[in-house]
Amino acid sequence: MTDRAAALARDGFVHLPGLLDASDVEAARADLDALQASVAITNHYGRLGHNIWQSAPSLGALVRGGRLARVVAEVLAEPSVVFFQDGLVWKPPGQGERIQWHQDHSYLPLDAPRALTLWLCFDDADEAAGCLWYIPGTHRLGDRRPAEFAAGGGPASDLPPMDVEGRVAVPVPVRAGDAIAHDVRVWHMSEANSTAAHRRALSTTWVTPAATWQPARAASPFTWRLRPRPGAPLAGPLFPRFDQGEP
Ligand SMILES: O=C(O)CCC(=O)C(=O)O
């Protein structure tokens, strides 16, 4: 197991400085600027969108190229990984209110939490700009009640709440081009962007080939669009697979 894989197992997250180079960042920013009107919805969280990798050529190339998959395979300590989905979280200057504490697993229509988020950031982001915060070790505490992101409440749940009070949370400030890999059960959040600069990030989700659809587990744009069969593997052109990190 590499040091990065050990950090993920211990803390539930690992900072990956400089995963993307300056040209990746520049291309991503240009593509996002071109796409914002057509693919992103704007609400109190900022500009959000799904399936950005299919509309932004630079991000599609990153997902398909194998570089991200190699890192995911390394930190998950798995020989093969499958790309599942992406989500744009773009906090414009002075906007994008707090995304409260949550576990990504609450929102994944998958049979098991054997999955990883690889969060790619295209701007420098410190605490004022809305970087991510984590509570180390919380990925080992099991599933907790989903956060209520939409007005009117979240899904019904008998799970215990996330008892954040009294736990030590750590911010992870990043530079443009950095990434953070996190376990889909670790508790994390981001504050509003109170700076005069943009904070653009793409949150990508990766699974192992053993993952199967469990559409009843969580609402997801894919569930609505694809109507997957429970128990089916995630396969086909929407879900590129990488063996030994190679496409
Ligand atoms: O980008 C953000 O502010 C939040 C991202 C997040 O919660 C995630 O990627 O799981």
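As a starting point, this report considers the structure included with it. (Residues numbered from 1 in each chain as written. Predicted model: local features only at pLDDT ≥ 70, side-chain atom pairs only at ≥ 80, totals over all residues.)

### As for the sheet that holds strand 8 (residues 170–172)
The test is simple: Here, any two strands with at least 2 DSSP bridges between them count as paired. Under the scheme used here, helices are H or I runs from DSSP no shorter than 4 residues and strands are E runs no shorter than 2 residues, and both carry numbers assigned from the N terminus. Convention adopted: a line fitted to C-alpha atoms gives each axis, helices being fitted over their contacting stretch, and angles between N-to-C directions are expressed from 0 to 180 degrees.
Across the sheet, which stays open at both edges, the 4 strands sit in the order 5-10-7-8 with antiparallel pairing between neighbours. Edge positions in the open sheet fall to strand 5 (99–102) and strand 8, since each of these has one partner strand only. With direction set aside, neighbouring strand axes in the sheet form an average angle of 20 degrees. Sheet topology places strand 7 (residues 132–135) next to strand 10 (residues 187–190); 4 bridges connect them, and they run antiparallel. Across the sheet, the residue bridging to isoleucine 135 is tryptophan 187, located in strand 10.

### Quick notes on the site of the ligand
To keep it simple, the criterion reads: In this entry, near means the residue's backbone-placed C-beta atom lies within 6 Å of the molecule or strand.
Inspection of the region around the ligand gives Val89, Ile99, Asp104, Thr117, Trp119, Gly130, His188, Ser190, Ala201 and Ser203 as its neighbouring residues. Sorting the residues of the shell around the ligand by element identifies strand 6 (115–121), strand 10 and strand 11 (199–207) as the ones contributing at least two each.

### Brief notes about the pairing of strand 10
Bridge analysis of strand 5 against strand 10 gives 2 bridges, and the strand direction is antiparallel. When the sheet's bridge partners are listed, isoleucine 99 is paired in strand 10 with serine 190.

### Description of unusual backbone geometry
Where we set the bar: Exposure is read from a count of other C-beta atoms within 10 Å of each residue's own; the residue is exposed at 12 or fewer, buried at 20 or more and partly exposed in between. C-beta atoms are placed from the backbone.
In the Ramachandran plot, asparagine 51 falls in the positive-phi region, its phi being about 60 degrees despite a non-glycine side chain. Summarising the element assignment, asparagine 51 is placed in the loop between strand 3 (46–50) and helix 3 (52–55). Of the residues examined, asparagine 51 has 16 C-beta atoms within 10 Å and is grouped as partly exposed. In this structure, alanine 77 takes a positive phi of about 55 degrees despite not being glycine. Relative to the assigned elements, alanine 77 resides in the loop between helix 5 (67–76) and strand 4 (80–91). Alanine 77 sits in the partly exposed class, given 13 other C-beta atoms within 10 Å.

### Focus on the environment of valine 186
The condition that has to hold: Residues are defined as contacting one another if the C-beta atoms placed from their backbone atoms lie within 7 Å.
Of note, valine 186 is situated in the loop between strand 9 (179–183) and strand 10. Under the C-beta neighbour-count criterion, valine 186 is labelled buried, with 23 such atoms within 10 Å. C-alpha of valine 186 to C-alpha of proline 237: the two residues are 51 residues apart in sequence and 29 Å apart in space. In contact with valine 186, not counting residues within four places along its chain, are Gly12, Phe13, Tyr134, Thr138 and His139.

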